[in-house]
Amino acid sequence: MTAAEAGVVIVAAGRGVRASGGGSDEPKQYRDVAGVKLLLRAIRPFAQHPRIGPIVVVLPPGDAANPPAWLKALVSDRLLLVAGGETRQQSVCNGVDRLTVWPSVRLVLVHDAARPFVDAELIDRVLQ
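Each residue is numbered by its place in its chain's sequence as written, counting from 1. For this predicted model, a pLDDT threshold of at least 70 governs which residues receive local features, and a threshold of 80 or more governs which side-chain atom pairs are given and counted, while totals over whole chains, interfaces and linings are taken from all residues. Values shown for side chains rest on all heavy atoms present in the structure; no hydrogens or waters enter the calculation.

Engineer: Honestly, the overall build of the protein chain in this entry has me stumped. Any pointers?
Structural biologist: For the purposes of this entry, the term helix denotes a DSSP run of H or I that reaches at least four residues, the term strand denotes a run of E that reaches at least two, and both are numbered from the N terminus. Looking only at helices and strands, one finds five helices and six strands in the protein chain. For the protein chain, the N- to C-terminal ordering of α and β elements is β-β-β-α-β-α-α-β-α-β-α. Taken over 128 residues, the protein chain has a buried fraction of 40%. Long-range contacts, defined here as pairs at least 24 residues apart, represent 70% of the contacts in the protein chain between residues at least 6 apart. If you sum the accessible surface of the protein chain, you get close to 7,100 Å²; carbon and sulfur atoms cover 52% of it. Type-normalised accessible area, obtained with a 1.4 Å probe on protein chains alone, sets the label of each residue: buried when under 20%, exposed when over 50%, and partly exposed for intermediate values. In this description, contact between two residues means that some pair of their heavy atoms is separated by no more than 4.5 Å. Calculation of accessible area relied on Shrake-Rupley with a 1.4 Å probe; when residues are assessed, cover is drawn exclusively from the protein chains displayed.

Engineer: Would you take a moment to explain the packing of aromatic side chains for this structure?
Structural biologist: The geometry of two aromatic rings is summed up by the distance between their centres and the angle between their planes. In this analysis, rings of Phe, Tyr and Trp, with Trp reduced to its six-membered ring, are considered paired at centre separations within 6.5 Å, and the interplanar angle assigns stacked below 30 degrees, edge-to-face beyond 60, and tilted for intermediate values. Under the counting rule described, the total for this entry stands at one aromatic pair. On the numbers, 6.2 Å between centres and 80° between planes, the contact of Y30 with W70 is edge-to-face. Here W70 lies in helix α3 (residues 69–72) and Y30 lies in the loop between β1 (6–11) and β2 (32–33), a separation of 40 residues in the sequence. Taking relative accessible area as the criterion, Y30 reaches 5% and is therefore assigned buried.

Engineer: In this structure, what is going on with unusual backbone geometry? I would like to understand it.
Structural biologist: One can expect most non-glycine residues to show negative phi and most peptide bonds to be in trans. Although it is not a glycine, A34 sits at a positive phi angle of roughly 55°. If you trace the backbone, A34 turns up in the loop between β2 and β3 (36–37). Judged by its relative accessible area of 74%, A34 is exposed.

Engineer: Help me understand the sheet that holds strand β6 (residues 107–112) in this model?
Structural biologist: Spatially, β5-β4-β1-β6 is the arrangement adopted by the four strands of the open sheet, whose pairing is parallel. Across the chains shown, the open sheet's two edge strands, defined by having one partner strand only, are β5 (79–83) and β6. Averaged over all pairs of adjacent strands, the angle between strand axes in this sheet comes to 20°, irrespective of strand direction. Strand pairing follows a simple DSSP-based rule, namely that at least 2 bridges must link the two strands. In this sheet, strand β4 (residues 55–59) lies alongside β1 in parallel orientation, the contact comprising four bridges. Of the residues in β4, the one forming a bridge with V8 is I55. Axes here refer to lines fitted to C-alpha atoms; in helices the fit is confined to the stretch in contact. Angles between the N-to-C directions go from 0 to 180 degrees.

Engineer: Could you clarify how one ought to interpret the nonpolar core in this entry?
Structural biologist: Grouped burial of nonpolar side chains is what soluble globular proteins tend to show. We define a nonpolar core as any set of buried Ala, Val, Leu, Ile, Met, Phe, Trp, Tyr and Cys residues linked to one another through side-chain atoms lying within 4.5 Å. Core analysis: the largest hydrophobic core is formed by 22 residues, its most contacted members being I10, L39, F46, I52, I55, V57 and L59. If you list the elements that add at least two residues to this core, you get β1, α1 (38–47), β4, β5 and α5 (120–127). Counting residues per element, this core draws most heavily on α1, at four residues. Membership of the second largest hydrophobic core comes to 11 residues, among which are V11, V56, V58 and V105.

Engineer: What's the story with the pattern of salt bridges in this structure? I'm lost.
Structural biologist: Salt bridge criterion: a side-chain nitrogen from Lys or Arg within 4 Å of a carboxyl oxygen from Asp or Glu. Within this structure, the stated rule accounts for three salt bridges. One salt bridge connects D32 with K37, and the closest N-O pair in it is separated by 3.4 Å. On the basis of relative accessibility, which here comes to 21%, the residue K37 falls in the partly exposed class. A salt bridge links R88 to D112; its shortest N-O distance comes to 3.9 Å. Within this pair, whereas R88 is found in helix α4 (residues 88–98), its partner D112 is found in strand β6, the two being separated by 24 residues in sequence. The class of D112 is partly exposed, set by a relative accessible area of 23%.

Listed below in structure tokens is the structure:
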């Protein structure tokens, strides 16, 4: 499998309501974990993996149109942002639909941004 054959959809379109126990209005995916944004922790292992091609990050609609500056700086021809839907299922569909701009993508990994501790070994096992 070449790098462009595997794409990733990282779903980060939720509001993290259950995680706001401390009363924070900041969505869970933008909170810091040991000084690094949760969403960035979820993106990095895929971005650094040699067998992963395009990455689509699915965000709340307003954030997809106007992302935080740190996230906007990551957008490239390999990493795209798309708006989520009414449900998680629709958000995943929106992300997968966006991967169609890469016709060589034959395998799609779907990952939840709230699970930021993926490593290369796990990605390899999933790709296997």
